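A structural walkthrough
Listed here are the chains, written in short residue letters.
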Amino acid sequence: MSSSAPLVVRLLASSVSVASRAGKIVRDVMSKGELGIVEKGKDDYQTEADRSAQRCIVASLSAQYPKVNIIGEEDGPESESELPSDWIISEADKEVLSLECPVNLHSVKEEDIVVWVDPLDGTSEYTQGALMLKRDPWERWKMYLTHPLISIKWYLSLLQSNYGFLEHVTVLIGISVNDKPVAGVIHQPYYKTMLDGEKIMGRTIWGLQEVGVGGFTPAPPPASLIITTTRSHSNPLVEKALQVMNAGQIVRVGGAGFKVLQLLEGKASIYVFASSGCKKWDTCAPEAVLSAAGGKLTDILGNYYKYGGAESRPNKTGVLAAVNDELHSYAVKRIPQELKDALSK
Ligand SMILES: Nc1ncnc2c1ncn2[C@@H]1O[C@H](COP(=O)(O)O)[C@@H](O)[C@H]1OP(=O)(O)O
Ligand SMILES: [Mg+2]
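Remember, it's a predicted structure, so these values are computed and weren't measured experimentally.

Attention now goes to the coordination of the magnesium ion (ligand 2). Each protein donor to the magnesium ion (ligand 2) is listed here as D118 (OD), D121 (OD) and D282 (OD); together their distances run 1.8 to 2.2 Å. Mapped onto the polypeptide sequence, the residues donating to the magnesium ion (ligand 2) form the spacing pattern D-x2-D-x160-D. A residue pair is termed long-range when its members are at least 10 positions apart, and D118 in strand β4 (residues 113-121) and D282 in helix α9 (residues 280-292) qualify at 164 residues. For D282, a relative accessible area of 9% puts it in the buried group.

In this section: the sheet that holds strand β8 (residues 212-214). As summarised here, the arrangement of the six strands in space is β3-β4-β5-β6-β7-β8, forming an open sheet in which the pairing is mixed. Since the sheet does not close on itself, it has two edges, and those belong to β3 (69-72) and β8, each with one partner. Between one strand and the next, the sheet's axes are offset by a mean angle of 15 degrees, whatever the strand orientation. Contacts between helix α1 (residues 7-32) and the sheet are confined to β4, β5 (170-177), β6 (180-195) and β7 (198-208), with β6 contributing the most and set at about 40 degrees to the helix. Sheet strands in contact with helix α2 (residues 48-64) are β3, β4 and β5, and its direction is about 155 degrees off that of β4.

Below, the discussion takes up the pairing of strand β11 (residues 270-273). Side chains I270 and V272 project from β11 onto one buried face, and the interleaved Y271 and F273 project onto a second face that is buried too. Where strand β9 (residues 226-229) lies against β11, two bridges are found, and the strand directions are parallel. Bridged to I227 within β11 is I270. Both β11 and strand β13 (residues 319-322) contribute to a ladder of four bridges, which runs antiparallel. Bridging from a neighbouring strand, F273 pairs with V319 of β13.

With that settled, consider the domain arrangement of the chain. Put simply, an interface is often sized by how much accessible area is lost when its parts join up. Split by domain assignment, the chain resolves into domain 1 (7-214) and domain 2 (226-344). Tallying the contact residues gives 41 residues for domain 1 and 31 residues for domain 2. A buried area of about 2700 Å², summed over both sides, lies between domain 1 and domain 2, and 64% of it is on carbon and sulfur atoms. It is W116, D179 and P181 that lose the most area in domain 1 upon contact with domain 2, and together they represent 26% of the buried surface on that side. Our count for the contact surface shared by domain 1 and domain 2 stands at two salt bridges. With a closest N to O distance of 3.0 Å, E265 and R203 form a salt bridge. Linking domain 1 with domain 2 are 11 residue pairs in polar contact (both at pLDDT 80 or more), by the criterion used here. Counting only elements with at least two residues in the side of domain 1 that touches domain 2, the list comes to β3, β4, α4 (123-132), β5, β6, β7 and β8. When residues in the side of domain 1 that touches domain 2 are grouped by element, the largest group, seven residues, is from β6.

Around ligand 1, the structure places 20 residues, and the nearest of them are T123, T230, H233, G255 and K259. Separating an oxygen atom of ligand 1 from a side-chain N or O atom of T230 is a distance of 2.5 Å. Residue G255 places a main-chain N or O atom 2.7 Å away from an oxygen atom belonging to ligand 1. If ligand 1 stood free it would expose 530 Å²; the protein chains cover 92% of that surface. Contributions of two or more residues to the shell around ligand 1 are made by β4 and α8 (256-264). A per-element tally of the shell around ligand 1 places β4 first, with three residues. When its residues are assigned to classes, the shell around ligand 1 shows four nonpolar, eight polar and eight charged.

Once that is clear, we can look at the nonpolar core. One finds V8, V26, L61, I113, V115 and Y126 to be the most contacted residues of the largest nonpolar core, which totals 51 residues. Counting residues per element, the ones that place at least two in this core are α1, α2, α3 (94-97), β4, α4, β5, β6 and β7. Top element by residues in this core is α1. It accounts for 14 residues. Judged by nonpolar contacts, the second largest core, of 42 residues, contains I227, A285, L320 and V323.

Conventions adopted
Residues numbered from 1 in each chain as written. Chains lettered and ligands numbered in written order. Predicted model: local features only at pLDDT ≥ 70, side-chain atom pairs only at ≥ 80, totals over all residues. Heavy atoms only, no water. Donors = N, O, S within 2.8 Å, 3.2 Å for Na, K, Ca; no water. Helix = DSSP H or I, 4+ residues; strand = E, 2+ residues; numbered from the N terminus. Buried < 20%, exposed > 50% of the residue type's maximum accessible area, 1.4 Å probe, protein only. Pairing = 2+ DSSP bridges. Axes fitted to C-alpha atoms, helices over the stretch in contact; angles between N-to-C directions. Contact = heavy atoms within 4.5 Å. Domains from an automatic or database assignment. Buried area = accessible area lost by both parts, 1.4 Å probe. Salt bridge = Lys/Arg side-chain N within 4 Å of Asp/Glu carboxyl O. Polar contact = N/O pair within 3.5 Å; in protein donor to acceptor, adjacent residues only side chain to side chain. Near = heavy atom within 4 Å. Areas by Shrake-Rupley, 256 points an atom, 1.4 Å probe, with all protein chains shown as cover. Nonpolar A, V, L, I, M, F, W, Y, C, P; charged D, E, K, R; others polar. Core = buried A, V, L, I, M, F, W, Y, C linked by side-chain atoms within 4.5 Å.

So, in structure tokens, the structure goes:
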């Protein structure tokens, strides 16, 4: 790896490579069919894929950047099983390595950086997607009966949705400096493209402050107001905030990473989630990528979250993101004061 590039650029380039390896782990766990679902809290689940992808990311980055503070969603007691050697990635994406580092990030040191890792954003969508990979209808039905997350309504909607919601799953690595997300990676393990007649799985999108975004082609916002929001964590406050937006359409998808991709690809212009539930690892990378593309991500009150290592993990006051400042202020103004008060309590 070129050691001449400034630290933030090298760390972003390493994160691009490791996110792609973590995405393969996510697919491999699914293919084996043993998801190992554990309930961490209400509506909060973890699978073998979350645990293994996090081990791959944290081990790979901490081997190269030992003084960087890396905080992952699945932090907990060290696993006793040995880490497979091919989970330790030392490569760095060449295109990212050649980027011009913004002047204000030139002299950043490892101690100044906090990396927020969500090894698998959209866990509900991942576990529900597992059903659709069961080709045998009887096997699928048996899995449904033992699945902790799925109601009959969702089962029926899954049957209609071809491969379920696996495209909503992302691997998120956000790099923050002095509380602010400055660079980030959103990897989609189940994104499909054809190259020379061959099916390629996965794509990796990155963003760097003042430089822009890469790994895909951003699209302009839709002509009419389209809002994207949660499909698996709604409640009356979330619905109230959606009503007041006066949108032509509401697109309900899983994961904070995928919702920000909806904004960047012109499928929606505002992302509203008026509830606690999201955490710093859900929003650090999406915020970095969105702001590198000219968008803005804050809480429902319009305030930026801080990403220092001592900050509390929950994003208590919700998420409000938009493709540009104008739409962001429109959305902040529309949120009624009583809703802001309810979330700030
Ligand atoms: N109530 C909640 N409990 C746990 N995680 C939540 C909750 N609400 C949101 N999240 C996390 O925020 C992400 C975006 O939320 P949503 O998909 O509902 O819009 C989810 O994918 C989930 O991350 P994860 O899947 O990594 O646990
Ligand atoms: Mg998440």
